[in-house]
Amino acid sequence: MKLLFIRHAEPDYSIDSLTEKGFREAGLLADWLEKIPVRDFFVSPLGRARDTARPTLERLGRQAEVLDWLQEFYVPVKDPDTGDDRIPWDFMPGYWTRQPLLYDKDRWMDSDIMQTGEIRKRYQAVCKGIDGLLARYGYIREGNFYRTEKGNTDTLAFFCHLGAEFTILSHLLGIAPPCLWQGFFVAPSSWTLLCTEERVKGEAYFRCRTLGNTLHLGMAGEPDSDMGFFTEVF
């Protein structure tokens, strides 16, 4: 089984769509995706993800199933300094690196800051969503891996968001989400590929083969976007 996670192209958040560059990226992504034998497509309900998927789906004459749990993982928590709402995957290093629980894959939701929002409820919904979907294709969650009576090499493609992508990867790979949210970046329109290793009959574990690939942009001379990556140097 192969899982292809695609971050939406460069966004215009003010209208929940794409910038002019974002639409170019989506077209170049379609040039690449149309060559990939994808069994089924899935998409976040948010406009920027659907606009990224549209060129590919129209070119292939396909449709994508809309999944609510693929939308961006925006579950506000309270900023420890100001008391204002903030997203749970945008902390300054001076704060989050001093919170040992945020590194713990089993206890990160027990940290003080994660207790100030509905993080547990939403995270469990995402985990339930991806596990339920994989079960439809014969992969049943058992502890921290998956059982399968008969493996396959099908590819499923997901058009979603940076925070959502890392949230799902945290569940599949057994990594505390804050470590992925704070330590990794995937550019707009990039794709991440996870493949199962099934070295023991009936046992499957997802392994990340490619993270944040933008080959489709580089081959066309289109630069990567830094949207969501803070490159300022002080």
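Below, the structure is looked at part by part. Here the residue numbering is sequential within each chain, running from 1 through the sequence in written order. Confidence filtering applies because this is a predicted model: local features only for residues at pLDDT of at least 70, side-chain atom pairs given and counted only at 80 or more, and all residues used for totals across whole chains, interfaces and linings. Only hydrogens and water are set aside; all other atoms, that is, all heavy atoms of the structure, feed into the side-chain values.

### Here we look at the overall build of the chain
Note on conventions: DSSP H or I runs of at least 4 residues are helices, E runs of at least 2 residues are strands, and numbering of each starts at the N terminus. Across its full length, the chain carries seven helices and 12 strands. With the radius of gyration taken over C-alpha atoms, the globule rule is written as 2.2 Å times the number of residues to the power 0.38. Taking 234 residues into account, the globule formula puts the C-alpha radius of gyration at 17 Å, and the chain, at 18 Å, falls close to it. Here the C-alpha coordinates of the chain stretch approximately 50 × 45 × 30 Å along the principal axes. Residue exposure (1.4 Å probe, protein chains only): buried if accessible area is under 20% of the type maximum, exposed if over 50%, otherwise partly exposed. Going through the 234 residues of the chain one by one, you find that 49% of them count as buried. Any two residues whose heavy atoms approach within 4.5 Å at even a single point are treated as in contact. Pairs at least 24 apart in sequence give 67% of the contacts found in the chain among residues at least 6 apart.

### Quick word on unusual backbone geometry
With a phi angle near 50°, D16 is a residue other than glycine that sits in the positive phi range. The topology assignment puts D16 in the loop between β2 (11-12) and β3 (17-18). Phi angles above zero are rare outside glycine, and S189 is one such case at about 70°. Given the relative accessible area of 0%, S189 is considered buried.

### As for the sheet that holds strand β8 (residues 140-142)
Hydrogen bonds between backbone groups are what pair the strands of a sheet, and the pairing can be parallel or antiparallel. Note: two strands are recorded as paired if DSSP finds a minimum of 2 bridges between them. The mixed open sheet is built from eight strands, whose spatial order is β5-β4-β10-β1-β11-β12-β9-β8. The sheet terminates laterally at β5 (64-66) and β8, the two strands that pair on one side only. If you compare each strand with its neighbour and ignore which way they point, the axes differ by 30° on average. As paired elements, strand β1 (residues 2-7) and strand β10 (residues 155-160) share six bridges and run parallel to each other. By the bridge assignment for β10, L3 is matched with L156. Contacts from helix α1 (residues 20-33) reach β1, β10 and β11 (191-200), with the element oriented near 165° to β1. The angle between two axes is taken between their N-to-C directions and runs from 0 to 180 degrees, where each axis is a line fitted to C-alpha atoms and a helix contributes only its stretch in contact. The strands touched by helix α2 (residues 47-60) within the sheet are β1, β4 (40-43), β5 and β10, with β4 carrying the most contacts at an inclination of about 155°.

### Describing the side chain of T210
The residue T210 is located in strand β12 (residues 203-213) in this model. Classification of T210 by relative accessible area gives buried; the value is 18%. Setting aside its immediate chain neighbours within four residues, T210 contacts W191, T192 and L193.

### A look at the pattern of salt bridges
Salt bridges are identified by distance alone: a Lys or Arg side-chain nitrogen within 4 Å of an Asp or Glu carboxyl oxygen. This model, assessed by the stated rule, comprises 18 salt bridges. In this structure, E34 and R59 form a salt bridge, with 3.5 Å as the shortest nitrogen-oxygen distance. One end of the pair, E34, is in the loop between α1 and β4; the other, R59, is in helix α2, and 25 residues separate them in sequence. Between D85 and K78 there is a salt bridge, with its nearest N and O atoms 2.7 Å apart. What emerges from the salt-bridge pattern is a single network uniting K21, R24, E25 and E222.

### Brief notes about the packing of helix α4 (residues 119-136) against helix α5 (residues 162-173)
Where α4 contacts α5, the two axes come as close as 10 Å, and the packing angle between them is 65°. On the basis of their axis angle, the class for α4 and α5 is roughly perpendicular. For the pair α4 and α5, the crossing hand works out as right-handed. On α5, the residues touching Y123, V126, C127, I130, D131 and L134 of α4 are T167, I168, S170, H171 and L172. Taken together, the residues of the contact of α4 with α5 sort by class into seven nonpolar, three polar and one charged. The cut-offs work like this: below 35 degrees is roughly parallel, past 145 is roughly antiparallel, 65 to 115 is roughly perpendicular, and the gaps in between are oblique. Handedness of each helix crossing follows the sense of rotation of the near helix against the far helix: counterclockwise by less than a right angle gives left-handed, clockwise gives right-handed. Polar here means any residue other than Ala, Val, Leu, Ile, Met, Phe, Trp, Tyr, Cys and Pro, which are nonpolar, and Asp, Glu, Lys and Arg, which are charged; Gly is therefore polar.

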